Amino acid sequence: MTLWLILLALNYSSWALLCLAVARHHRQHFGAEVSVRRSRLLRLGGWLTMLAAWVISVHWRGWDIGSVDWCASWMLAAIAWVLLQPYRPRFARWLAFVGGAASLFALISFLSPTLF
Amino acid sequence: MSEIPHSHLKRRQSTTARFRWAVASRTAAALFGGYLVTYASAALLTVVLPMSRINRAVTASLLSFVVWTAVAIWVFAARSAWRGWWTLLVAGAVMLVLAMTWRDYGMRP
Amino acid sequence: MAWLHTWAGLIVSWVLFAIFLGGTLACFDKELDYWMRPALHQLAPGPIAMDAAATTLREMAPHAETLYLRPPSARDPSIHGFVFEPGKPTIDVALNPRDGTRIPPTVGGNFFFVLHYNLQAGTPGVYLVGLAGMLMLLALVSGVIIHRRVFKDFFVFRPQAGGQRAWLDGHNLTGVLGLPFHLMIAYTGVIIMMSTYMTAGVQIGYHGDLAAYYAALSSTPHPVEQHRLPSRVASLNKILHDAVQRLGGPAQYLEIEHVHDASITISALAAGNDEVAGGRRNLIYDGTDGHFRGESESPPAAYRTYQFLSGLHRVQFGGAAIRWLYFLLGTAGCVMLATATQVWIEKRQRKAEAAGLRSGYGLVRALNIAVIAGMPLASVALLWANRLLPGNLAVRASWEAQSFYAVWLLATIWAVLRLRRGKPWRELFGMTAALLLALPLLNALTEPRSSLLASIVDHDWVLAGVDATALALGLGFAWLAWLNTRPRKNVRRDARIGAASASSHAARPREKSA
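Let me sum up the structure you'll find in this document. Bear in mind that the values here come from a model prediction, so they are computed numbers and not experimental data. (Residues numbered from 1 in each chain as written. Chains lettered and ligands numbered in written order. Predicted model: local features only at pLDDT ≥ 70, side-chain atom pairs only at ≥ 80, totals over all residues. Heavy atoms only, no water.)

**Side note on the sheet that holds strand β4 (residues 251–257) of chain C**
Residue and element names in this part refer to chain C. Reading across the sheet, the seven strands line up as β3-β2-β1-β4-β5-β6-β7 and stay open at both edges, with antiparallel pairing between neighbours. Edge positions in the sheet fall to β3 (91–95) and β7 (292–295), since each has one partner strand and no second. Taken pair by pair, the neighbouring strands of this sheet meet at an average axis angle of 20°, ignoring direction. Taken together, the three bridges between strand β6 (residues 282–286) and β7 define a ladder with antiparallel strand orientation. Looking across to β7, one finds that Y285 is bridged to F292. (Pairing = 2+ DSSP bridges. Helix = DSSP H or I, 4+ residues; strand = E, 2+ residues; numbered from the N terminus. Axes fitted to C-alpha atoms, helices over the stretch in contact; angles between N-to-C directions.)

Below, the structure is given as structure tokens:
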């Protein structure tokens with residue numbers, strides 16, 4: 001169950017980052033033009049989060065089922081972000097931030113016994 | 001891929017009856033001509049693929065639906081319905097004849 | 001190619017909608033099976049009566065050579081018996097796992113599964129579904145090629161734009177974001193039945209000998225007949241127990257071959273729920289004394305690929321969570337198809353209004369409502385019929401199915417009659433919502449020991465899940481009905497986002513092709 005939430009939250013955050021990296025959507029959300037540097041950072045963050053979600057999924061469930069899990073939650077997260085965005089933009093961004101932060105925290109607390 | 005025939009068709013969209021016949025003809029070509037080419041390609045692949053017999057038969061069947069998709073889309077992008085028809089019929093017939101000629105080779109284990 | 005995408009249009013969308021909704025519900029076919037068989041609820045703990053079940057099955061099909069028994073699983077506690085005899089209807093019965101007796105019949109969640117692969121129309125239905133699946137594959141690939149622009153508008157959804165624009169956004173949203181799923185489902189869907197649709201491999205490689213082809217696929221050699229009766233028959237209970245030990249996990253089926261011959265052989269196929277491609281290990285036992293003979297070889301590599309692809313489609317792996325994801329993505333597919341028909345209809349609205357009422361456009365609109373709002377209503381009616389029909393009725397299963405069709409027909413008539421005066425969308429969605437929300441109540445009244453409350457107390461999460469899902473879906477349909485009561489242009493909630501996308505919408509050239 002935790003794995004599903006982590007997967008959904010990470011994929012959701014990665015879509016949010018990738019979306020905000022697009023000039024048009026950045027303008028919609030923040031009313032300001034996005035700088036090239038900021039756009040590049042957002043995009044990189046988005047792809048890395050997505051990759052991290054896949055690695056976690058495969059690590060936990062094996063390459064075949066893990067990839068299916070990741071792919072399904074990846075699509076659902078995208079639909080969730082795109083649906084939330086026009087109705088509740090602030091909540092959509094807040095969810096991406098909190099979800100991403102919480103799942104990173106959960107991951108670190110999972111891994112810490114093996115790390116230290 | 002679709003640019004030229006697309007604009008080509010747009011112009012005709014006003015002459016509705018003719019447009020509808022063109023659609024019907026291409027649809028029939030994609031379904032029946034497409035199935036012929038697909039069937040023939042699966043038959044030929046069952047003969048030529050470098051694997052054991054059961055693997056050849058299954059792989060050919062798995063690939064056949066990809067072939068059908070590609071062929072059907074090509075028909076709708078082809079310059080004319082007529083051109084789509086004869087290309088499919090010739091390609092299908094050639095592959096089928098080849099497969100039937102080497103049928104015994106296709107039955108190797 | 002835009003016309004290929006549009007042409008694969010209305011009627012195919014309706015057929016595909018029925019297939020998609022059936023498939024989405026069939027994600028939980030076994031859970032629905034269980035819900036629809038109250039005789040299985042609150043079973044006393046005890047051993048699994050595989051031998052008694054085999055006896056029942058043998059009495060039902062005295063001449064069958066091969067019997068299949070599916071032992072109880074976490075999703076469905078019944079023993080399922082299957083017999084496939086050429087020229088006779090397939091036997092598929094649920095048996096009581098404690099004494100092997102038959103359970104009062106029901107179509108079960110299996111109804112939706114059959115609807116999904118042949119529209120309840122036998123072999124012609126299998127071909128029709130295959131054709132629809134192929135057309136979906138074509139619509140998806142041509143959709144990607146002609147709508148390359150939608151990838152640029154990946155994150156765009158403008159509900160406030162209203163009318164066709166919003167429907168098209170909704171179609172693109174569910175179509176593009178769910179694209180990997182839809183492509184996979186369409187391709188693996190036609191693949192599953194490939195030996196029916198594409199016979200070239202068998203014709204050329206095996207001279208059309210289907211039996212030889214299947215024999216090559218299954219790596220288990222068939223036993224040689226000895227033409228005398230078996231001296232004794234081994235205990236299936238013991239064999240199942242041994243197989244579970246050796247496999248280190250559950251068995252999916254026991255196959256009993258040569259039932260009436262001394263060469264009787266029993267094999268146990270691993271469930272393999274931890275692999276997408278499903279079980280690969282197959283244990284073989286002697287059917288007379290039950291000793292373990294050995295394990296069959298792995299299936300051929302290409303066939304393993306086939307099993308992987310069909311496994312992706314049938315989601316028997318990875319537990320309930322992945323089935324929920326498929327359920328949600330299947331719902332997204334239903335929305336993609338429903339919005340597609342809506343775009344198709346709105347595009348033609350002006351033309352049809354000019355042509356007047358006799359253009360048949362009204363009928364098309366009514367039929368669209370009948371398919372998209374009527375089928376969910378009929379599906380819930382099936383569950384109601386299951387609880388309302390008396391349990392000892394011999395023809396119960398067929399009455400359940402007929403109530404599904406009857407309600408769908410009534411919904412169609414309703415949509416036709418109410419199209420001009422009433423609001424058939426809202427009314428049918430509202431009825432579906434009411435039936436769904438009242439389903440746990442009906443369940444509690446007719447089967448008090450299976451009620452939502454009782455199943456939560458018993459920790460029976462499968463049973464509680466069906467009732468809880470009915471409540472959640474009921475709220476969803478109530479929301480849909482409520483959406484249809486409001487005038488469409490007043491959806492704007494967030495002024496800033498709305499203004500920004502409205503202006504960018506105006507600046508863009510209108511998309512012509514849908």
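**Some points on the interface of chain B and chain C**
The extent of an interface is frequently quoted as the accessible surface area lost upon association of the parts. On the side of chain C, 37 residues touch chain B, which itself brings 39 residues to the contact. Surface buried jointly by chain B and chain C totals about 3500 Å² across both partners, of which 78% is contributed by carbon and sulfur atoms. Looking at the side of chain B facing chain C, the largest losses of area belong to I54, L62 and F65 of chain B, adding up to 19% of the total buried there. The interface formed by chain B and chain C contains zero salt bridges. Linking chain B with chain C are eight residue pairs in polar contact (both at pLDDT 80 or more), by the criterion used here. For the side of chain B that touches chain C, the elements supplying multiple residues, two or more each, are α1 (3–12), α2 (16–48), α3 (53–77), α4 (81–101) and α5 (103–106) of chain B. Take the side of chain B that touches chain C: its biggest share by element is 17 residues, from α3 of chain B. Here the residues of the side of chain B that touches chain C are counted per class, giving 24 nonpolar, 11 polar and four charged. (Contact = heavy atoms within 4.5 Å. Buried area = accessible area lost by both parts, 1.4 Å probe. Salt bridge = Lys/Arg side-chain N within 4 Å of Asp/Glu carboxyl O. Polar contact = N/O pair within 3.5 Å; in protein donor to acceptor, adjacent residues only side chain to side chain. Nonpolar A, V, L, I, M, F, W, Y, C, P; charged D, E, K, R; others polar.)

**Focus: the environment of A42 of chain B**
Relative to the elements of secondary structure, A42 of chain B occurs in helix α2. A42 of chain B gets classed as buried once you look at its relative accessible area, which sits at 0%. The sequence separation of A42 of chain B and V58 of chain B amounts to 16 residues, and the corresponding C-alpha distance is 9.4 Å. Sequence-distant contacts of A42 of chain B, that is, excluding residues within four places in its chain, are made with A60 and S64 of chain B together with M198 and A200 of chain C. (Buried < 20%, exposed > 50% of the residue type's maximum accessible area, 1.4 Å probe, protein only.)

**Details of the interface of chain C and chain A**
Taken together, the 36 residues of chain C in the interface contact 31 residues of chain A. Summed over both sides, the interface between chain C and chain A buries roughly 2900 Å², with carbon and sulfur atoms accounting for 75% of that surface. The tally of links between chain C and chain A comes to zero salt bridges. Applying the counting rule to chain C against chain A returns two residue pairs in polar contact (both at pLDDT 80 or more). Looking at the side of chain C that touches chain A, the elements that each hand over two or more residues are α8 (163–177), α9 (179–192), α14 (301–314), α15 (319–347) and α23 (495–507) of chain C. Tallying contributions element by element places α15 of chain C first for the side of chain C that touches chain A, with seven residues. Split by residue class, the side of chain C that touches chain A holds 23 nonpolar, six polar and seven charged.

**Let's talk about the side chain of S296 of chain C**
Residue and element names in this part refer to chain C. By the secondary structure assignment, S296 is in the loop between β7 and α14. Looking at S296, the relative accessible area reads 13%, which means it is buried. Ignoring anything within four residues of it in the chain, the contact list for S296 reads S219, T220, N282 and I284.

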